[in-house]
Amino acid sequence: MILNELSVPIVLAPMAGGPSTPELTAAVSAAGGLGLLAAGYLTATDTAARLAATRELTTAPFGVNLFTPGPATAPEDFADYLAELGHTHELGTPKYDTDDWDAKLELLVKAPVPVVTFTFGCPSAAEVARLHEVGSEVWVTVTSAAEGRIAVAAGADVLIAQGAEAGGHRATFIDRVDDDATDPLTLLALLQILRATVDRPIVATGGITTGAGIAAALAAGATAAQLGTVFLRSPEAGTNPVHRAALHHAALGAETPTMLTRAFTGRRARGLRNRFIDEHSATAPVAYPEIHYATAPLRAAARTAGNPDNVNMWAGQTYPLAPELPAGELVRTLAADAKTALTTALSGRIQSC
């Protein structure tokens, strides 16, 4: 198992939509962690090009993340929301697609990588078996014990436990408005529940930006920690300037709360609170990827104008702690800090019986 071969228990979160780059993936893998390359929103052709670029940058193992497609949404279910947005914003055409699912799976069968991870759902047992046949491990992101059991039944090798603190989209298999009234599980709670429920290695993700956070996840039973937000300020990341500026201001003390919203994409995601989120979260429907495509022009215009009020700036709850460091240096620093935190906890906090 690849987790046993890593020199540091750090996995890069894929962060589709801009921040993920071959350079960032390669840097994390070269430093002893496991870099993940985001294939979400890319065509199979673009994914192949990024795979090739990553392989040119490092010989260390890395993985690829795919979005598992969900069902289409009936146009009448989001028509009112688009009419609301259309009063003040230029919109694109809402559309449904499978994110080039079949072609990407075929690519990863023909050009295998050590690990393929999945978000938004679980691949079928047959699809898992195809990846196993070419030597790839299959990791599935889950947010509950029920999802964990589904992933194990399909043949997943590793579960990625995503806590409510995580930035970006919630990885829930099914996004339901009715579930909003129930608090999503925090990472620590989810780790404990999964450890008691399923027999698989677990990678912890959500709100981890320090070595102490990694240590806490390991102590709670995780084999490794997956971090995303902490890398957003690294020079290798493709984070857009508006997003970088907001993270920089937070590091100086000008913090903005994060919150979960469907306003930008039609799927629940955690990002920095701004005017668009405040004005439209209450009426945003469950309609992904239709709303994602519809709001693409307004988000692009806001990035060009340097306007943070109409941009989705995904970030986990501990984002103010993200430093501005090269990815490789950051991996080494986090690993050293995690080791120190574990040693300190064992030596100073637990008295011998």
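Here the structure is a predicted model, which means the values were calculated and not measured.

A. Just the overall build of the protein chain, in detail. On a plain count of helices and strands, the protein chain comes out with 13 helices and 11 strands. Its C-alpha atoms give the protein chain a radius of gyration of 19 Å, within 12% of the compact-globule value 20 Å for 353 residues. C-alpha extents for the protein chain along the principal axes are approximately 65 × 50 × 40 Å. Taken across its 353 residues, the protein chain has 52% of its residues classed as buried. Taking the intrachain contacts of the protein chain between residues at least 6 apart in sequence as the baseline, contacts between residues at least 24 apart amount to 69%. Within the structure as shown, the protein chain displays about 14800 Å² of accessible surface, and the carbon and sulfur contribution to it stands at 54%. Charged side chains in the protein chain number 24 positive and 35 negative. The centres of these two groups are separated by 5 Å.

B. Representation of the pairing of strand S8 (residues 202-205) in the model. Of the two faces of S8, both are covered, the one formed by Ile202 and Ala204 as well as the one formed by Val203 and Thr205. Inspection of the sheet shows strand S6 (residues 158-162) paired to S8 by four bridges, in the parallel sense. Bridge pairing in S8 links Ile160 to Val203. One ladder, built from three bridges, connects S8 with strand S9 (residues 224-227); its direction is parallel. By the bridge assignment for S9, Ala204 is matched with Ala225.

C. The packing of aromatic side chains, seen in detail. Counted by the stated rule, this structure contains six aromatic pairs. Between Tyr41 and Phe67 the ring centres are 5.2 Å apart and the planes differ by 85°, which places this aromatic pair in the edge-to-face class. A residue pair is termed long-range when its members are at least 10 positions apart, and Tyr41 in the loop between strand S2 (35-38) and helix H3 (44-57) and Phe67 in strand S3 (residues 62-67) qualify at 26 residues. Judged by relative accessible area, which is 27%, Tyr41 ranks as partly exposed. Plain terms: the ring middles of Phe120 and Tyr288 are 5.5 Å apart, the flat faces sit at 75° to each other, and that makes the pair edge-to-face. With Phe120 in the loop between strand S4 (115-119) and helix H6 (125-133) and Tyr288 in the loop between helix H11 (275-280) and helix H12 (290-305), the pair connects residues that are 168 residues apart, well separated along the chain. Exposure class is identical for Phe120 and Tyr288. Each is buried. Counting every residue linked through ring pairs, the aromatic cluster contains Tyr41, Phe67, Phe120 and Tyr288. Cation over ring: Lys95 sits above Tyr293, and NZ or CZ is 4.6 Å from the ring centre. Cation over ring: Arg267 sits above Phe120, and NZ or CZ is 4.1 Å from the ring centre.

D. Helix H10 (residues 241-251), seen in detail. Within the span of H10, buried status applies to Val242, His243, Ala246, Leu247 and Ala250. Projected down its long axis, H10 shows its buried positions confined to an angular sector of 135°, all on one face. Where H10 starts, the residue carrying a side-chain oxygen 3.1 Å from the main-chain nitrogen of Val242 turns out to be Asn240. Downstream of H10 by one or two residues, Gly253 has phi in the positive range, about 115°.

E. Summary view of the pattern of salt bridges. The final tally for this structure, using the stated rule, is 10 salt bridges. For the salt bridge of Asp179 with Arg176, the shortest nitrogen-to-oxygen distance reads 2.9 Å.

F. Region of the structure containing the sheet that holds strand S11 (residues 269-272). Taken together, the three strands give an open sheet; going across it, the order is S7-S11-S10, and neighbouring strands pair in antiparallel fashion. Every interior strand has two partners, whereas the edge strands, strand S7 (168-169) and strand S10 (258-261), have only one. Sheet topology note: the S10/S11 ladder contains four bridges and is antiparallel. Counted as the bridge partner of Thr261 is Ala269 from S11.

G. Structural view of helix H4 (residues 79-86). Every buried residue of H4 is accounted for by Tyr81, Leu82 and Leu85. Seen end-on, H4 carries its buried residues on one side only, within an arc spanning 95°. Looking at the buried side of H4, the elements it contacts are H11 and H12.

H. Spatial organisation of the sheet that holds strand S1 (residues 10-12). The eight strands are arranged S1-S9-S8-S6-S5-S4-S3-S2 in an open sheet whose pairing can be described as parallel. Two strands lie at the open edges of the sheet, namely S1 and S2, each paired on one side alone. Going from strand to strand, the sheet's axes swing by 30° on average, the running direction of each strand aside. Helix-sheet contacts for H3 involve S2 and S3, and the interaxial angle to S3 is about 160°.

I. Representation of the environment of Thr186 within the structure. Positionally, Thr186 belongs in the loop between S7 and helix H8 (187-197). Along the primary structure Thr186 and Ala212 are separated by 26 residues, whereas in three dimensions their C-alpha atoms are 17 Å apart. Sequence-distant contacts of Thr186, that is, excluding residues within four places in its chain, are made with Gly163, Ala164 and Glu165.

Conventions used here
- Residues numbered from 1 in each chain as written.
- Predicted model: local features only at pLDDT ≥ 70, side-chain atom pairs only at ≥ 80, totals over all residues.
- Heavy atoms only, no water.
- Helix = DSSP H or I, 4+ residues; strand = E, 2+ residues; numbered from the N terminus.
- Rg over C-alpha atoms; globule rule 2.2 N^0.38 Å.
- Buried < 20%, exposed > 50% of the residue type's maximum accessible area, 1.4 Å probe, protein only.
- Contact = heavy atoms within 4.5 Å.
- Areas by Shrake-Rupley, 256 points an atom, 1.4 Å probe, with all protein chains shown as cover.
- Lys, Arg positive; Asp, Glu negative; His and termini not counted.
- Charge placed at Lys NZ, Arg CZ, Asp CG, Glu CD.
- Pairing = 2+ DSSP bridges.
- Phe/Tyr/Trp six-rings, centres within 6.5 Å; stacked < 30°, edge-to-face > 60°.
- Lys NZ or Arg CZ within 6 Å of the ring centre and 35° of its normal.
- Arc of directions from axis to C-beta.
- Polar contact = N/O pair within 3.5 Å; in protein donor to acceptor, adjacent residues only side chain to side chain.
- Salt bridge = Lys/Arg side-chain N within 4 Å of Asp/Glu carboxyl O.
- Axes fitted to C-alpha atoms, helices over the stretch in contact; angles between N-to-C directions.

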